[in-house]
Amino acid sequence: MATTLRTLPHDQIQEDTWRTLRNTSPQYVTAVLLTGSVTAWGLICWAYQISKGLGVVGKTRPTMWALYILNFVFWIGISHAGTLISAILRLTHAAWRKPVTRAAEAITVFCLMIGGLFPIIHLGRPWLFYWLIPYPNSRLIWPNFRSPLLWDLTAILTYLTGSMLFLYLPMIPDLGQLGLHTGGARGLLYRTLSLGWTGSDREWHALERAMKLMAGMILAVAVSVHTVVAWDFAMALAPMWHSTIFGPYFVVGAIFSGIAALLLIMAVIRKTMGLEAYIQPRHFENLAKLLFLMSLLWAYFTVAENLTVWYGNQPHEMAVFGARVRGRYAPFFWSMVICNFIVPCVLLGIRRLRSIKTAVISAVCVLAGMWLERFLIVIPTLSFPPLPSAWGTGYNATWVEISIAISTFAAMALLYLIFAKLFPIIAIWEYKYVPDE
Amino acid sequence: MGVQIMAEQPAPTASHRWGMAIDLDRCTGCEACVVACHAENNLPVWNPTEAARGRTVHWIRVDRYYEGEFPDIKVKYMPVLCQQCDEAPCEPVCPVYATYRNPEGLNVQVYNRCVGTRYCGNNCPYSVRFFNFFPPQWDAPLELQHNPDVAVRMVGVMEKCTFCIQRIQRAKLDAAADGRPLADGEIKPACVQSCPAEAMVFGDLNDPESKVSRLAASGRATRLLEDLGTKPKVFYLQRAK
Amino acid sequence: MDRRDFFKIFSTASAGLMTGACGKKLDTYIPLLVPDQEIVPGAEQWYPALCGECPSGCGVIVRVMESERVIERNGEKFRQKIAAVKKIEGNPLDTVSGGRLCARGQAGVQSLYNPDRLRGPMHRKGPRGQADFIATSWDEAIAVAAEKLDRVRQENPSQIVFLTGPQPGARALAIAQFLDALGAPPPACFELVDFPLERKAAEQVYGWVGLPVYDLSNARYALGIGADFLGGWTSPVFYARQFGHFRQGRSAVRGRLVQAQSRFSITAQSADEWAPLLPGSELPFALAIGHLLLSEKMARQPEALPDPVRQAFDSADPASAARACGLDERRLRRLARELGESEAPLVISGASTPQTNSLAALVAAAYLNVLLGNVGRPGGVWPPPPGTAENRAAFSNALSLLERAQYLFLDGSNPVYTLPASAGVAEKLGRIPTSVSFSPFLDDSAAYVDLLLPDHHPLEGSNAVFPMVAPGPAVVVTTQFVQPLYDTRATEQVLAAIAAKMGLSFQPVPARSVAERILPEGQPWDEVVEQGGFWGEPGSDSSPGSRPARSRASSPAASSGIDGAPAAFSGEAAQFPLYFQPYLSLQFQDGRGANLPWMQELPDPVSSAMWGLPVEIDTRTAAALGIRNGDLVRVESPHGHIDAPAYVHPAAIPGVVSMAIGGGHKHYGRYAGRGANPLSILAPVWEKTTGALALGATRVRLSKLGPERQLIQFSANDREQGPWGYR
């Protein structure tokens with residue numbers, strides 16, 4: 001029987017959440033050093049790639065998009081974690097969301113930052129990436145707004161701005177509180193960022209209105225962002241990309257992977273920051289149920305897409321389909337099915353098996369499975385273009401792109417570690433001032 | 001005085017629409033067109049490692065497909081180059097307008113504007129677009145052979161067949177300087193000029209009397225992947241029986 | 001003094017001033033020399049020239065523009081403006097190339113500007129075959145060469161051997177005259193690309209000296225027997241042009257080509273029908289066709305056959321011939337009928353992969369044209385163009401020459417590469433006391449010589465050459481139009497210098513007097529030079545030198561019939577169950593194109609392989625041996641083995657393994673060297689009349705070495721991995 005929050009005194013809550021801000025454990029330092037060095041290695045690899053040319057990665061003709069775009073879609077997908085929790089659950093007044101709102105929004109912001117970096121990494125001339133931004137320029141032309149990549153740019157920048165606002169605004173009361181009790185440079189930081197928050201009724205009222213407005217808007221933006229990312233593929237003529245299902249499919253997949261990421265991060269925070277009282281089994285229970293639901297939804301979309309392609313028997317598409325289902329990429333495909341569908345349904349669908357541990361296992365599997373799904377979207381289609389003379393299954397990732405991909409996970413962890421050290425990971429005021437329902 | 005001279009310039013002729021016809025009944029698959037294109041357009045040559053990774057660049061290539069089993073085996077082969085589609089799928093997806101269709105129907109690749117997203121390469125159903133994965137290099141003194149009329153592309157940009165636009169430009173300038181219209185067959189891209197079997201014909205599809213127009217209207221003319229709606233301007237004349 | 005001289009002096013002087021004054025390396029570059037001709041920067045000029053990539057003798061035009069290169073003099077870097085060759089196109093006035101050019105011809109610029117070209121004369125430092133040379137000066141090299149040559153000449157001039165290429169013209173004539181002045185035997189040619197069997201058959205049947213010319217463009221039904229005339233044979237550009245016209249160049253007629261060959265060659269691919277013949281069965285095939293033409297009264301001129309030949313045809317049995325060929329008998333009969341019933345039939349015969357019975361096969365096939373009455377007619381077979389007979393080295397099996405040679409000249413000949421290891425050429429070369437190579441490259445044979453006296457590249461030199469195949473009198477005349485890139489010298493001049501050093505009188509005959517042998521009376525020479533040659537209409541000439549040479553020897557077939565012996569193969573069928581057919585590749589021909597990067601990266605027409613050519617194995621043999629596309633296999637003959645990646649060829653005849661020639665150079669620059677040389681493992685089997693190497697007479701066996709994928713293909717194997725089985 002978990003302790004309800006009502007039974008915890010407010011000072012206790014504050015103390016628990018502020019403890020990690022003050023104390024720095026050796027494990028924390030190790031973690032920062034480890035992730036920091038992996039991130040630095042990734043940056044070195046990127047610099048190497050820029051100096052030598054994109055030839056150092058495995059991309060080739062015809063697979064001109066590979067690991068980088070794959071990771072781009074993956075990270076943008078995970079970023080939907082925050083949207084779901086903060087926006088959807090906020091709008092539906094799901095009280096159990098409280099310990100996880102900030103963690104989720106932080107995931108969103110950092111995933112977007114990392115995900116948005118990948119299109120730049122994958123450019124042939126990345127130092128000119130800003131040419132996609134519409135500004136009066138010496139080339140005397142605007143960028144091509146008909147290109148889905150421009151839609152990407154717009155949507156992701158909008159989503160990033162919105163998410164940062166969505167992360168920042170609810171932090172203000174906590175920052176105000178922290179600012180009162182912290183001295184030195186750090187205290188100055190908190191006080192500056194809290195914008196002179198005094199906790200008056202007017203301010204609370206304004207905050208509530210802003211959050212409600214943002215919740216609705218960010219939801220719309222989030223759906224549009226991943227739809228637009230999906231349209232990078234769906235607008236192309238390539239076999240098995242040119243499908244109307246991609247928009248909704250990607251949104252569902254994004255929410256799916258977002259929940260999994262959130263589950264994982266919650267488990268990590270709970271363990272490392274000693275927040276067992278706050279992040280309780282019932283939170284995992286609810287998220288696990290949501291994950292199970294999304295797994296079913298994901299499976300529905302997957303079946304719909306594959307069945308239609310197989311039944312239609314179009315030669316161009318069947319080449320790709322065959323490679324995915326029983327050809328060179330079959331191991332990836334069937335692993336994906338196991339990770340995304342079999343494992344969650346078994347571990348989370350059967351009530352007896354549902355626990356924090358199985359939820360975390362399912363979450364990790366789903367993350368792997370969703371990464372595989374992105375792989376299977378990008379690579380098989382490009383390997384089998386309409387003209388068979390250009391078929392090429394020779395894509396092999398090199399150490400450069402694998403390093404950069406792995407380092408983004410480390411970068412994510414690093415950003416998160418720094419964030420958790422600087423700012424309270426649980427929205428304290430939500431406990432204190434918003435009654436439980 | 002200057003204005004008067006300007007007014008005396010010949011009026012611009014009707015715009016051209018460049019197209020090509022390739023007679024597969026004549027073609028022997030000898031690949032002279034492939035090498036002529038390399039020579040004319042400063043195409044990079046790599047090495048076995050990069051070739052094994054699929055990085056070789058052949059703006060025009062000869063595709064081969066076998067039909068049947070030995071001994072009743074036939075092979076279909078055809079030179080494939082940029083089809084200069086009227087509804088090119090590569091054009092709308094470039095975010096920086098590095099590829100667009102010029103008034104003469106050519107699908108133009110502007111190397112300076114390309115940032116290398118490679119979306120156009122994915123969207124081309126004929127797989128005729130190539131990317132410069134590394135800075136191209138030539139062991140000295142092979143670079144003495146470079147054609148100064150054609151840019152040497154830098155790392156990170158896409159490239160493809162241009163219908164030898166430099167030859168088109170030169171012919172138009174020469175014709176304008178001589179004060180005469182372009183003659184049919186005057187412009188020959190490198191591949192067309194080299195083909196020993198005279199299988200390739202290049203000309204103005206806007207001129208119904210041009211050889212390419214007549215061949216394009218012949219009963220043997222087909223186009224590649226026509227059902228995709230790309231409206232290619234390269235016509236393949238099927239092998240007659 | 002004119003402007004040019006002024007600049008020369010001025011810039012050299014100022015360069016000298018600068019180096020003298022500063023005493024240190026200059027950071028900025030100074031243009032040193034103005035090119036000899038008035039080159040306007042950015043403006044192109046076109047000059048006629050000769051394509052040097054194969055001996056066919058196509059006339060070309062070359063685009064020359066100003067360019068810059070960095071050279072080093074006394075340790076200092078200077079920028080030199082030069083006239084550079086940008087592009088090669090066919091010469092539109094040439095009746096052979098007709099303004100067109102083949103893949104190798106286009107790659108000629110890469111031969112001219114090849115980074116592995118010899119920069120100047122060199123002499124050997126290390127042991128033979130190690131390619132260890134150091135630079136020397138021309139004076140010294142010529143002095144050494146002359147001194148040694150003089151000694152051999154005084155002892156026994158018959159031990160002076162000159163191996164050269166097959167091209168007839170001023171160069172060949174100069175060499176012949178040089179050797180004549182020495183009292184040495186005439187030059188010998190031992191090249192695959194001489195096509196000695198085709199020449200011999202033409203001599204025996206038609207009485208012509210040279211290669212017959214097939215007027216394919218006016219034929220209506222062509223039967224090709226054993227000759228890959230569209231791939232790489234006697235004149236690729238000429239025959240491809242003919243073929244284009246043959247197919248679609250006439251408004252109401254479309255030519256039909258049937259190719260009978262033991263390989264699915266380029267010609268077979270382009271043909272309307274391919275009749276797969278087992279190796280060595282061209283002879284029974286031709287005899288059977290002749291038999292059917294005669295028996296079904298489709299021969300137009302049966303009386304033109306000598307009696308023994310008539311008997312050879314009559315005694316041929318179509319049923320057993322079909323069995324020998326591996327064809328269905330009905331198909332054989334149908335082909336004969338189609339040939340006989342056509343209004344303009346033509347038989348194009350050759351030995352793209354010579355067998356021991358190829359001469360008989362070619363003789364039989366040539367008599368088919370006689371039967372069909374198309375000799376000298378439009379759409380038939382024509383005599384060789386004048387000039388191609390006299391001014392060239394005669395083909396001969398040079399092994400015995402190499403045995404007793406005391407002094408060897410190599411010019412356009414690479415016997416270490418083009419002959420099998422079993423012939424022991426490398427050892428023989430190693431034993432010759434003095435040897436000289438004129439090749440612009442350090443190739444496999446040049447690695448064994450003592451002196452490298454590099455010739456100009458053909459685009460840098462002057463020459464008059466008679467094309468091997470042309471519809472009328474033809475000569476390609478080139479005069480130097482760009483400065484030689486390096487310290488090379490025209491071989492004729494080097495020979496003259498050597499002769500002078502030996503006190504002999506020898507002057508190379510000028511190109512003009514060679515060309516004039518076939519020019520019509522009153523043909524202005526300036527016009528010939530400006531056009532890059534002369535190409536006359538067939539039969540329009542009037543000068544006596546413009547008639548094709550005729551052989552006065554009597555044809556053996558006319559007296560003793562056609563020898564119907566089957567082809568002989570080396571190797572026990574039980575031990576070596578597969579036929580092996582090396583063939584002249586499109587990219588490298590006999591291996592000479594292997595140092596051209598464009599050719600290395602050109603996707604092979606058969607397998608789309610690059611940077612190394614595969615062994616082509618038929619599907620049944622591959623399945624039986626468990627060989628998949630790309631696997632490394634060992635091809636073993638009774639005389640050695642090579643390792644190469646496998647290509648499972650959908651159209652290979654079961655039991656016949658083919659391999660393109662061109663890989664496996666031991667020396668030839670940085671681009672050559674990959675792959676394996678199929679010629680190296682051949683048995684020393686020679687065709688008995690000409691002494692030509694029987695390329696197809698070696699049996700082999702295959703074994704799989706490993707799954708390492710060494711096959712680099714531009715296109716995926718179209719039979720592989722289509723999960724939906726696209727074909």
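Computed from a predicted structure; not experimentally measured. (Residues numbered from 1 in each chain as written. Chains lettered and ligands numbered in written order. Predicted model: local features only at pLDDT ≥ 70, side-chain atom pairs only at ≥ 80, totals over all residues.)

> Help me understand the overall build of chain B in this model?
Secondary structure assignment for chain B yields 7 helices and 10 strands. Relative to the 2.2 N^0.38 estimate, which gives 18 Å for 241 residues, the radius of gyration of chain B is 19 Å and therefore close to what a compact globule would have. Along the first, second and third principal axes, the C-alpha set of chain B runs to 75 × 45 × 35 Å. The buried share among the 241 residues of chain B stands at 55%. Partitioning the contacts of chain B with sequence separation of at least 6, the portion at a separation of at least 24 is 60%. (Helix = DSSP H or I, 4+ residues; strand = E, 2+ residues; numbered from the N terminus. Rg over C-alpha atoms; globule rule 2.2 N^0.38 Å. Buried ≥ 20, exposed ≤ 12 C-beta atoms within 10 Å, placed from the backbone. Contact = placed C-beta atoms within 7 Å.)

> Even after reading the chapter, I still don't get the pairing of strand β3 (residues 74-80) of chain B, so can you show me in this structure?
On a regular strand, one side chain projects to one face of the sheet and the next to the other, so that they alternate. Residues and elements named next belong to chain B. A large share of β3 lies buried, amounting to 5 of its 7 residues. Where strand β2 (residues 61-67) lies against β3, 7 bridges are found, and the strand directions are antiparallel. In the sheet register, Arg 61 faces β3, and the bridge partner there is Val 80. Hairpin connection between β2 and β3: a loop of 6 residues separates the two successive antiparallel strands, and Gly 68 in this loop has a positive phi of roughly 85 degrees. (Pairing = 2+ DSSP bridges.)

> Got a minute to help me understand the interface of chain A and chain B in this structure?
Interfaces are often sized by the amount of accessible area the parts lose when they come together. Tallying the contact residues gives 36 residues for chain A and 34 residues for chain B. Each residue belonging to the side of chain A that touches chain B can be placed in one class, and the counts come to 23 nonpolar, 9 polar and 4 charged. (Nonpolar A, V, L, I, M, F, W, Y, C, P; charged D, E, K, R; others polar.)

> Would you mind going over the sheet that holds strand β25 (residues 656-660) of chain C with me for this structure?
Pairing between sheet strands relies on hydrogen bonds along the backbone, with the strands arranged either parallel or antiparallel. Residues and elements named next belong to chain C. As summarised here, the arrangement of the 6 strands in space is β21-β25-β22-β24-β23-β26, forming a closed barrel in which the pairing is mixed. Direction aside, the axes of adjacent strands within the sheet are offset by 45 degrees on average. As judged from the 5 bridges shared by strand β21 (residues 578-583) and β25, these two strands associate in the parallel manner. Residue pairing for β25: Pro 582 is matched across the bridge by Met 659. (Axes fitted to C-alpha atoms, helices over the stretch in contact; angles between N-to-C directions.)

> I'm lost on the interface of chain B and chain C in this one. Help?
Across the boundary between the two partners, chain B contributes 48 residues, which contact 51 residues of chain C. Counting only elements with at least two residues in the side of chain B that touches chain C, the list comes to α2 (32-41), α3 (48-52), β2, β3 and α6 (190-194) of chain B. Broken down by element, the residue count for the side of chain B that touches chain C peaks at 7 residues, all from α2 of chain B. The class makeup of the residues in the side of chain B that touches chain C is 28 nonpolar, 9 polar and 11 charged.

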